[in-house]
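Each chain, letter by letter, is given below.
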Amino acid sequence: MSVGRRAVVTAGAGLALALAGAPPARSQGHPRMRTLFIAGDSTAAQKYADAAPETGWGMALPFFLHRGVRVANHAVNGRSTKSFLDEGRLDAVLAELRPGDLLLIQFGHNDQKVADPSRYTEPWTGYQDNLRVFVEGARSRGALPVLATSVERRRFDVDGTALRTHGAYPAATRETARESDVPLLDIEALSLALWQRLGPEATKSYFNWTATEQDNTHFNPPGAIEVARLVAAELLRTHVLAPRETRRLDDEIPTDLITWPDAEESRP
């Protein structure tokens, strides 16, 4: 792993939290665009033409942010906190982070995979240790780390009750956020409530259900848009973003705004 779990310098929660909602830094008299970096897995990641209509919620997040906030989506299919760090992907993010930027961290889906030692982490030890590496890395660059619990899968019992599928990982994320004094977006709880309101049948239109696939983990455009709406609303509620930095939180977003690039060279 390129970033040592004890090698990252902690800049301190006070400095990082003071950056939340702050005006963009100025360069040569002009405001510098604030960047929101996403570190996560396939539920958030950019998708390409060969995967359409599968859509990561990170693709839809810009629809809810003003142009002064740029999204840099570094989420990658199949990654856990462990594999993201071991592959040096956090290093690439830290190289781009600037004071006043944001690092939104959402993992858990692949940290659960006990049979895969390259990805599995135990929730109360390795997983939390890894989350702290992301947090401390962001703070060392003068950026604000933000933790998010995993967006829920589509799973219901026979009575139509939406089920939790991420075990102890959301609770471990919440505890890490409290102990590290980091803003928390509880997307697991919010998405679970949304799936419950929609019910077993309606939720199919939010996930990547096609004629050949019944995918209860990944989203299609309507699902990605609604999860991105939850994320943006939480960024506003937790004062990570100021009202001037969000938009259209209550508006219908046309699904044809979603596009899937096909240039292979654009892949991270």
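Each remark here, short or long, concerns the structure printed above.
In this text the structure is predicted, and so the values were computed from the model without any measurement. (Residues numbered from 1 in each chain as written. Predicted model: local features only at pLDDT ≥ 70, side-chain atom pairs only at ≥ 80, totals over all residues. Heavy atoms only, no water.)

Asker: Tell me what's going on with the pattern of salt bridges, and back it up with residues and numbers.
Answerer: With the rule as written, the count across this model stands at 14 salt bridges. Residue Arg34 is joined to Glu245 by a salt bridge in which the shortest nitrogen-to-oxygen separation is 3.0 Å. Note that Arg34 is positioned in strand β3 (residues 34-40) and Glu245 in the segment after α8 (221-237), a separation of 211 residues in sequence. Look at Glu245 and you get buried, because its relative accessible area is 5%. Across the pair Arg237 and Glu234 runs a salt bridge, and its minimum N-O distance is 2.7 Å. (Salt bridge = Lys/Arg side-chain N within 4 Å of Asp/Glu carboxyl O. Helix = DSSP H or I, 4+ residues; strand = E, 2+ residues; numbered from the N terminus. Buried < 20%, exposed > 50% of the residue type's maximum accessible area, 1.4 Å probe, protein only.)

Asker: Tell me about unusual backbone geometry, and name the residues and values.
Answerer: Here the residue pair Ala52 and Pro53 is connected by a cis peptide bond, since its omega of 10° sits within 30 degrees of zero. Within the secondary structure layout, Pro53 lies in the loop between β3 and α2 (57-60). Of note, Asp181 is a non-glycine position whose phi angle comes to about 55°, a positive value. Looking at where Asp181 falls in the secondary structure, it is placed in the loop between α6 (169-180) and β7 (184-185).

Asker: Would you mind going over the nonpolar core in detail, with residue names and values included?
Answerer: It is characteristic of soluble globular proteins that their nonpolar side chains tend to be buried jointly. If you look at the biggest cluster of nonpolar residues, it comprises 42 residues, and the most contacted ones within it are Trp57, Leu61 and Trp195. Discounting chain neighbours no more than four positions away, the residues touching Trp57 are Ile38, Thr43, Ala44, Leu104, Gln106, Phe219, Ala224, Val227, Ala228 and Val231. Val93, Leu94, Leu131 and Ala143 belong to the second largest nonpolar core, which has 24 residues in total. (Core = buried A, V, L, I, M, F, W, Y, C linked by side-chain atoms within 4.5 Å. Contact = heavy atoms within 4.5 Å.)

Asker: Let's hear about the packing of helix α5 (residues 123-140) against α6: which residues, and what values?
Answerer: Relative to each other, α5 and α6 sit at 45°, their axes nearing to 10 Å. It follows that α5 is oblique to α6 by the angle criterion. Once α5 is placed against α6, the crossing between them reads as right-handed. Across the interface between the two elements, Pro123, Trp124, Tyr127, Gln128, Leu131, Arg132, Val135 and Arg139 of α5 pack against Tyr169, Ala171, Ala172, Thr173, Glu175, Thr176, Glu179 and Ser180 of α6. For the contact of α5 with α6, the residue count by class is eight nonpolar, four polar and four charged. (Axes fitted to C-alpha atoms, helices over the stretch in contact; angles between N-to-C directions. Parallel < 35°, antiparallel > 145°, perpendicular 65-115°, else oblique. Left-handed = near helix turned anticlockwise from the far one by under 90°. Nonpolar A, V, L, I, M, F, W, Y, C, P; charged D, E, K, R; others polar.)

Asker: Requested: an account of the sheet that holds β7, with residues and values cited.
Answerer: Pairing within the open sheet is parallel, and its five strands lie in the order β4-β3-β5-β6-β7. Of all the strands in the sheet, the pair left with one neighbour each is β4 (69-73) and β7. Two strands pair when backbone bridges link them, and strand β5 (residues 102-106) and strand β6 (residues 144-148) are joined in this way by four bridges, in the parallel orientation. Pairing of Leu102 across the sheet is with Leu144, part of β6. (Pairing = 2+ DSSP bridges.)

Asker: Report on the environment of Gly142, specifying residues and quantitative values.
Answerer: Considering the arrangement of structural elements, one finds Gly142 in the loop between α5 and β6. Between the C-alpha atom of Gly142 and that of Leu97, which follows or precedes it by 45 residues, the distance is 8.2 Å.

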